[in-house]
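Chains, contacts and geometry: an overview
Given next are the chains, with one letter for each unit.
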Amino acid sequence: MARKKKSQSQSTLFLIQGMDLKWNLRLACLLFLFAWVAKATSPAKVFNVKDFGAIADGKTDNSKAFLDAWKEVCFWDGMGRLLIPKGIFLVGPVVFKGPCKGPVTFQVSGVVKAPSLEQFKSDGWVEFQYINGLMITGGGTFDGQGALAWPHNKCPKTVKCKLLPTSLRFSFLTDTTIRSISSVNSKLFHMNMFNCKNIKIQSINISAPGDSPNTDGIHIGDSSGVKISRSMIGTGDDCISIGPGNSNISISNVLCGPGHGISIGSLGKYPNEGDVVGVNVRNCTLTGTTNGIRIKTWQDSSILSASNFKFQDIVMNNVYNPIIIDQEYCPYTSCAQESPSRVKISDISFMNIHGSSRSQVAVNLLCSKGVPCQNVELRNINLVYNGLGGPATSSCSNIKGTSFGPQSPPSCL
Ligand SMILES: *[C@@H]1O[C@H](CO)[C@@H](O)[C@H](O)[C@H]1NC(C)=O
Ligand SMILES: *[C@@H]1O[C@H](CO)[C@@H](O)[C@H](O)[C@H]1NC(C)=O
Ligand SMILES: *[C@@H]1O[C@H](CO)[C@@H](O)[C@H](O)[C@H]1NC(C)=O
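Residues numbered from 1 in each chain as written. Chains lettered and ligands numbered in written order. Predicted model: local features only at pLDDT ≥ 70, side-chain atom pairs only at ≥ 80, totals over all residues. Heavy atoms only, no water.

Once that is clear, we can look at unusual backbone geometry. Between G92 and the following residue, P93, the backbone shows a cis peptide bond with an omega angle of 0°. Mapped onto the elements of the fold, P93 is located in the loop between β4 (88-90) and β5 (94-97). S266 follows G265 through a cis peptide bond whose omega is 10°. Mapped onto the elements, S266 comes out in strand β21 (residues 262-267). We note that Y130 has phi near 55°; this positive angle belongs to a residue other than glycine. (Helix = DSSP H or I, 4+ residues; strand = E, 2+ residues; numbered from the N terminus.)

With that out of the way, let us pick up the site of ligand 1. Around ligand 1, a shell composed of S180, I181, S182, S203, N205 and M232 is seen. Separating an oxygen atom of ligand 1 from a side-chain N or O atom of S182 is a distance of 3.0 Å. Here N205 contributes a side-chain N or O atom positioned 2.3 Å from an oxygen atom of ligand 1. Looking at the shell around ligand 1 residue by residue, the class counts come to two nonpolar, four polar and no charged. (Near = heavy atom within 4 Å. Polar contact = N/O pair within 3.5 Å; in protein donor to acceptor, adjacent residues only side chain to side chain. Nonpolar A, V, L, I, M, F, W, Y, C, P; charged D, E, K, R; others polar.)

Here β5 shows one buried face, formed by V94 and F96, and one open face, formed by V95 and K97. Pairing of β5 with strand β8 (residues 124-129), which is carried by four bridges, proceeds in the parallel orientation. Bridge assignment links K97 to a residue of β8, and that residue is Q129. (Buried < 20%, exposed > 50% of the residue type's maximum accessible area, 1.4 Å probe, protein only. Pairing = 2+ DSSP bridges.)

Summed over all chains, the structure comprises six salt bridges. The shortest N-O distance in the salt bridge between D68 and K64 comes to 2.6 Å. Linking D68 with K64, this pair stays in helix α3 (residues 63-75), spanning four residues, or about one helical turn. Residue D68 is classed as partly exposed on the basis of its relative accessible area of 22%. Accessibility expressed as a relative area gives 59% for K64, which makes it exposed. Across the pair D238 and R294 runs a salt bridge whose closest N-O atoms are separated by 3.1 Å. (Salt bridge = Lys/Arg side-chain N within 4 Å of Asp/Glu carboxyl O.)

The relative placement of two aromatic rings is captured by the distance of their centres and the angle of their planes. If you walk through the whole model with that rule in mind, you get 14 aromatic pairs. Ring geometry for Y130 versus F172: centroids 4.8 Å apart, planes at 5°, classification stacked. Residue Y130 is located in the loop between β8 and β9 (135-137), and its partner F172 is located in the loop between β11 (166-171) and β12 (174-179); the two are separated by 42 residues in the primary sequence. Judged by its relative accessible area of 39%, Y130 falls in the partly exposed class. For F172, a relative accessible area of 33% gives the class partly exposed. Arranged with centres 5.1 Å apart and planes meeting at 20°, the rings of F311 and F350 form a pair that is stacked. Residue F311 is found in strand β24 (residues 304-319), and its partner F350 is found in strand β26 (residues 343-357); the two are separated by 39 residues along the sequence. (Phe/Tyr/Trp six-rings, centres within 6.5 Å; stacked < 30°, edge-to-face > 60°.)

In the region of ligand 3, the neighbouring residues are N253, L255 and N283. Note that an oxygen atom of ligand 3 is positioned 3.3 Å from one of the side-chain N or O atoms of N253. Between ligand 3 and the protein, one listed contact pairs an oxygen atom with a side-chain N or O atom of N283 at 2.4 Å. Compared with its free state, where it exposes 360 Å², ligand 3 has 36% of that area covered by protein. (Areas by Shrake-Rupley, 256 points an atom, 1.4 Å probe, with all protein chains shown as cover.)

Attention now moves to the state of the cysteines. One pass over the full model with this rule turns up five disulfides. Between the sulfur atoms of C74 and its disulfide partner C100 the distance amounts to 2.1 Å. The disulfide joining C74 to C100 has a torsion of about -100° about its S-S bond and is therefore left-handed. Highlighted residues: C74 in helix α3 and C100 in the loop between β5 and β6 (104-108), separated in sequence by 26 residues. (Disulfide = S-S within 2.5 Å.)

Core analysis: the largest hydrophobic core is formed by 89 residues, its most contacted members being W70, F106, F128, I218, F311 and F350. No other element matches the seven residues that β24 contributes to this core. Apart from residues no more than four positions distant in its own chain, W70 is found in contact with L82, F96, K97, C100, V104, F106, I131 and L134. (Core = buried A, V, L, I, M, F, W, Y, C linked by side-chain atoms within 4.5 Å. Contact = heavy atoms within 4.5 Å.)

Without other data, these values stay purely geometric and don't point to any function.
Below, the structure is given as structure tokens:
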């Protein structure tokens, strides 16, 4: 009896549903649409490191709190935001590892402070790995606390040296944006990008004293599709260095100085390095740097090619070597062998480069005896030297190319 009643009421239900099937379908569609729109437009779920026990006193080690928060934001099946609020948070070394379920924003509003050198076993302080769709932003600062570590860096003086930790390591990231953050006083490099694809870096500030050792701003290796723009970089080494294995790199609206300038290289130190293809540097200003635009390859190098570089609309303010190709790079007092570099440099354009040189040889194109540079172009160059010994000069060796438009110093091509 009870069973019969149940089946009766069930069939009544089906009947009503059947009658309204059309409407129910419409309702279901609508609800689905709402849910979809809500998910797409809802603000990200926030994971505040303070809710995971982080203390902003600049002294407590917050590594566990940060990693716990990361675990949750990374497993969140939607848009997630890890929030580091105002305050000083001592952290690290830490590795934030993906893949994550949804897009993650790493919002730094406060200061993330590095521990002292003794706390490090690895060569990275804050590392991001294997993440797709990461955004790092928030207006805050990564403070590498480099001053006490710099005296321990022996690398500028000797080949056999222990590398200090790099502040921010980005490895195997795709579709990542790094915007509106600062990095100051790294122990070694500020940022190192390795095996990344499609990365945008915008409106960031990087700073360390001009005499701090190996505090490169951004080093890029084995990556493609990297775009750096609207940023200020002043350090004790290269503002931006583009190592082997890179393609499609674009740098625009960057202010560089102090530092060693914007460099491609050094290339050819190790066997099996990848070629460098497609570098575009546009509308940048270099102030008081040792080099402006530099391509450097090691003597006695491995075989590879560096091609398709365009440097245009660049202002040099009191730069020691504004335009320089150095294929006899050897930073130590003597290199093992004297054989020439085997890095083949071709299709290079220097265009609309103006300003002042601190050395007389404002344009110095020293290519390899083994593989001369091919198809180098100088177009509209105006570099002034006001020191002793007369006006600026240019110097070329082992190079084939053409010059167009006004040339000061007179072109050696
Ligand atoms: C970078 O520095 C400039 C000038 O000092 C400042 O206006 C800007 O807000 C800074 N950006 C960040 C992300 O701190
Ligand atoms: C170069 O990289 C940019 C992203 O920075 C990307 O949009 C573009 O498609 C890439 N071009 C090529 C030819 O790979
Ligand atoms: C070039 O860079 C300057 C800042 O150095 C900026 O004000 C200007 O808008 C940039 N021009 C273009 C065309 O991007």
